[in-house]
Amino acid sequence: MHHLILGAGPAGVIAAETIRKHAPNDRITLVGDEPQPPYSRMAIPYLLIGHIDEPGTYLRKSPDHFARHRIDIVRGRATRLDAAARTVTLDDGQTLGFDRLLIATGSHPVRPPIPGMDLPGVHPCWTLEDARAIMRLARPGARVLQMGAGFIGCIIMEALKQRGVTLTVVEMGDRMVPRMMGPAAGGMIRAWCEAQGVRVFTGTKVEAIERAAGEALRVRLSNGEALEVDLVISATGVRPAIGFLEGSGVTCLLGVLTDEHMQTNVPGIYAAGDCAEAFDKVSGKAIVSAIQPNAADQAYVAAMNMAGKPAELKGVTQINVLDTLGLISASFGNWEGVPGGESVERHDPERHRVLSLQFDGDVMVGCNSVGWTEHIGVMRGLVEGRVRLGPWKDRLLQDPTQLMKAYLATAQAQGRWSGPADARRR
């Protein structure tokens, strides 16, 4: 049996190793489109800060790890899948056959249609090559403008601030982290960043990037301002890297649609990680949830089924925990609420804290928190466990900070969640 894995990120590596463990005699080929050994994009901010060097980003530290596990690594980018012929064509013209295929191609940065995006000094922050370019320019005192203040943007912002740059962040949404936080929470994060010396524009677009004197750039904003900077970083979001599947017969919505086995509509072809769209039991719909714990779980389930060992995905974790210049925020489940549901929000601006809970009947279906870090495990447990709160729902509407008491009175009694200690282990 030949297992072909497209994508050499965490999902691809975990899948290859899982197949090797359970199918010791099968052939495994891992395809990656970058020259470096498989590495973690989540480690790039630590590289920018200087906490690690490039080898510190590698997913497996031993140079002969993949050779020892008889996993063949091929450099290339998939350009076409012929599902009927069971072949994948790479960008160098090479054709690879397979018996079973895992699509783990991840995401790619969204490139906004802004004049000047091709100028020197404008970079995304996605690959090790991008990181090298940013480190050359983001020296102490350098003027840096970052487009985007979403989840990834805030992680990059943390690294840039520690490099000692003068930083301006431009976000077209009406608040920071708009896909993770409500207005109050997003506004609290903005106030915190500005207090740390970051200039933040929300509800603002970059209209054009132009050459200025020397190697500097002039950035024109929709609010009428023009800023001269040394570096522009584009952090305007990512999108599943699935363009090569067009015409293949594999069903794609936002990502590659999968069932509970991580199999697509084509038998023997699976998907996992940031490019996969899997069923989420909390929201009741298929979603792309591009966080590494989901990638790992999906890769394991896909690999087990590819190796002939039946396994099912238990669900998709809708969780984001973010450290923005030392301020911890989190969102779980349907944090925006559901039609006909109830909600409560508590503000503590002096301590930079916001807590928002969303209910559907007596079930807490989502929440936002900024600065309220004591019971993150409990928040996750109540949401993912779909715990029936009974009269505790009304008590939480009166005082949302009573989450631990509500958990102890309801979740443990119902046996739906093993507690905050379990959440920390995951």
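See the structure printed just above.
Residues numbered from 1 in each chain as written. Predicted model: local features only at pLDDT ≥ 70, side-chain atom pairs only at ≥ 80, totals over all residues. Heavy atoms only, no water.

> I keep staring at the pattern of salt bridges and nothing clicks. Help me out?
Pairs may arise between side chains of opposite charge once their charged atoms sit close together. Tallied over the entire structure, the rule returns 21 salt bridges. Here Arg-132 ties to Glu-54 by a salt bridge, and the two come within 2.6 Å at their closest N and O atoms. Taken together, the positions of Arg-132 in helix α4 (residues 128-137) and Glu-54 in the loop between α2 (44-49) and α3 (65-68) put the pair 78 residues apart, joining distant regions of the chain. Glu-374 is paired through a salt bridge with Arg-353; the nearest N and O atoms lie 3.3 Å apart. In this pair, Glu-374 sits in the loop between β26 (363-370) and α8 (376-384) while Arg-353 sits in strand β25 (residues 353-360), placing the two residues 21 residues apart along the sequence. What emerges from the salt-bridge pattern is a single network uniting Arg-143, Arg-218, Glu-228 and Asp-230. (Salt bridge = Lys/Arg side-chain N within 4 Å of Asp/Glu carboxyl O. Helix = DSSP H or I, 4+ residues; strand = E, 2+ residues; numbered from the N terminus.)

> Honestly, the side chain of Gln-358 in this entry has me stumped. Any pointers?
Position of Gln-358 relative to the elements: it lies in strand β25. For Gln-358, the residues in contact, after removing those within four places along its chain, are Asn-334, Trp-335, Glu-336, Gly-337, Glu-342, Ser-343, Val-363, Met-364, Val-365 and Gly-366. (Contact = heavy atoms within 4.5 Å.)

> Would you explain the environment of Glu-336 in this entry?
Mapping Glu-336 onto the fold places it in the loop between β23 (327-333) and β24 (342-348). Taking the relative accessible area as the measure of exposure, Glu-336 reaches 63% and is therefore exposed. Taking the C-alpha atoms as reference points, Glu-336 and Pro-124, 212 residues apart in sequence, are found 29 Å from one another. (Buried < 20%, exposed > 50% of the residue type's maximum accessible area, 1.4 Å probe, protein only.)

> Explain the packing of aromatic side chains to me, please; I cannot follow it from the model alone.
Two descriptors summarise a pair of aromatic rings, namely the distance from one centre to the other and the angle between the planes of the rings. A full pass over the atoms with the stated rule returns zero aromatic pairs. Its guanidinium or amino end placed over the ring of Trp-372, Arg-353 lies 4.0 Å from that ring's centre, counting from NZ or CZ. The lysine or arginine in question, Arg-395, covers the ring of Trp-392, its NZ or CZ lying 4.4 Å from the ring centre. (Phe/Tyr/Trp six-rings, centres within 6.5 Å; stacked < 30°, edge-to-face > 60°. Lys NZ or Arg CZ within 6 Å of the ring centre and 35° of its normal.)

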